[in-house]
Amino acid sequence: MPCCDSLAIPKTSKLGNFFFSHARRGECTTAPESAEHVFLKTLVAKAAVKAGWTVTTEKAGISPQGADWIADVLCVNGRATIALEIQLSYQTVQELRARQETYASSSVRAAWFACGQRFKAGYLSPSQHIPFFVLPAIELGCDPLLDGYGVTLSEFVIGMLSKRLSWKSDPWEYGIHFLYDQCWACGGEVRQVFGWSIDVYGDAAKTVPNMSTVLEKISDIISKDELQALGLNTIGKFERLKGNAPGFPFCNVCIHCGAPQNNHYIMKKIGEQGQTHWQDSPSKIGSATFLSSRESTGRWHYTVSDRE
């Protein structure tokens, strides 16, 4: 047996599921599988076979770091290896991540099917790294529907192993706020960057020193090339620039000639707009939409049939 050195004998449950049992009672300390776990594992294994994969249940392995693992259902197809785990008992997110890393270090992808009665909403945000799917209350003999997908566990596994499950990313949408202006050096029309927002969050320059802080944050959100692609000034760092507060070196750089634009001048121009709040800006204030390729949320999308 995978859990100990005991011999195993094949048996059939009352529901017609095949499983192995200890040949005789011994000193094995491993907790026995519940009927629900055996039932779901059998559904998953049969679905994987139907999808054309080679399947082994309770397959043991060891990672290059020496960590042992046992997959409920290990599926192999060519060079692809996927472990499908039935998780009916609660485990912490830290334990889940550790087990997923053990599989990953062993070149095994893993997906998890968990009982919704043990894992409440919000347990784990949708994750491309950890495919985690929730089952309703388990009823023996009934192929359960996956929460949010409208198909049975068996159908879902077949689709997953037939490339009908994909990760869809939703890039974060930022607003980059700017002042329509002219470069003091070349006279070219420029867009002086001074704020950012995403949903209800954001920040905008309020003082000359604060302008540098806000621009430094914006430079973490969007690159120089991406600013230029939106027709905005880039952001540079000038330690000794007249008009910038000492110790606050970040400022706009003209998109045309590369001249630094001092923060005192830009704050003065913003002040001339007569604004108390930049959100209520007149026409000289604008906003550009930036979709971040580095920051995103996402979800697993299941296609019911190949024709979709």
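Basis of the calculations
Residue positions are given per chain, counted from 1 along the sequence in the order it is written. Restriction of local features to residues with pLDDT of at least 70 applies here, the model being predicted, together with a cutoff of 80 or more for giving and counting side-chain atom pairs; totals for whole chains, interfaces and linings are based on all residues. To obtain the side-chain values, all non-hydrogen atoms of the structure were used and water was disregarded. Comment: elements are numbered from the N terminus, with helices defined as DSSP H or I runs of at least four residues and strands as E runs of at least two. We call two residues in contact whenever any of their non-hydrogen atoms come within 4.5 Å of each other. Angles run from 0 to 180 degrees between N-to-C directions of axes, and those axes are lines fitted to C-alpha atoms, restricted for helices to the stretch in contact. In what follows, roughly perpendicular refers to angles from 65 to 115 degrees, roughly parallel to angles under 35, roughly antiparallel to angles over 145, and oblique to any angle outside these ranges. Handedness of each helix crossing follows the sense of rotation of the near helix against the far helix: counterclockwise by less than a right angle gives left-handed, clockwise gives right-handed. Definition used in this section: a nonpolar core is a set of buried Ala, Val, Leu, Ile, Met, Phe, Trp, Tyr and Cys residues joined via side-chain atoms within 4.5 Å. Remark: exposure states derive from per-residue accessible area (1.4 Å probe, protein chains only) relative to the maximum for the residue type, with buried under 20%, exposed over 50%, and partly exposed in between. The pairing criterion for strands is at least two bridges between them, as found by DSSP.

(A) Fine view of the environment of Ser 197. Along the chain, Ser 197 falls in strand E9 (residues 189–198). Taking the C-alpha atoms as reference, Ser 197 lies 5.0 Å from Gly 175; in sequence the two are 22 residues apart. Apart from residues lying up to four places away in sequence, Ser 197 is in contact with Glu 173, Tyr 174, Gly 175, His 177 and Gly 202.

(B) Inspection of the packing of helix H1 (residues 35–50) against helix H3 (residues 153–160) at higher detail. Look at H1 against H3: their axes get within 8 Å of each other, and the N-to-C directions meet at 40°. Comparing their axes, H3 and H1 come out oblique. Once H1 is placed against H3, the crossing between them reads as right-handed. Contact residues: Leu 40, Leu 43, Val 44, Ala 47, Ala 48 and Lys 50 in H1; Leu 153, Ser 154, Val 157 and Ile 158 in H3.

(C) Seen up close, the nonpolar core. If you look at the biggest cluster of nonpolar residues, it comprises 30 residues, and the most contacted ones within it are Leu 84, Phe 113, Phe 133 and Phe 156. Here this core takes seven residues from H1, the largest share from any one element. If we ignore the near neighbours within four places in the chain, the residues touching Phe 156 are Phe 113, Phe 133, Leu 146, Tyr 149, Val 151, Leu 165 and Tyr 302. Counting residues in each nonpolar core, the second largest holds 28 residues, with Ala 204, Ile 218, Ile 270 and Ile 285 among its members.

(D) Expanded view of the environment of Glu 295. By the element assignment, Glu 295 lies in strand E14 (residues 285–302). When its relative accessible area of 24% is taken as the criterion, Glu 295 is described as partly exposed. For the pair Glu 295 and Ser 169, spaced 126 residues apart in sequence, the C-alpha separation works out to 9.4 Å. In this view, Glu 295 contacts Pro 171, Trp 172 and Tyr 174; residues no more than four positions away in its chain are not counted.

(E) Structural detail: the pairing of E9. In terms of burial, E9 is largely enclosed, as eight of its 10 residues are buried. Of the pairings in the sheet, the one linking strand E8 (residues 165–182) to E9 comprises eight bridges and is antiparallel in character. Looking at the pairing, Phe 178 lines up with Val 193 of E9. Remark: six residues form the turn of the hairpin made by E8 and E9, two consecutive strands paired antiparallel; Gly 187 in that turn has positive phi of roughly 80°. Across four bridges, the pairing between E9 and strand E10 (residues 201–204) is antiparallel.

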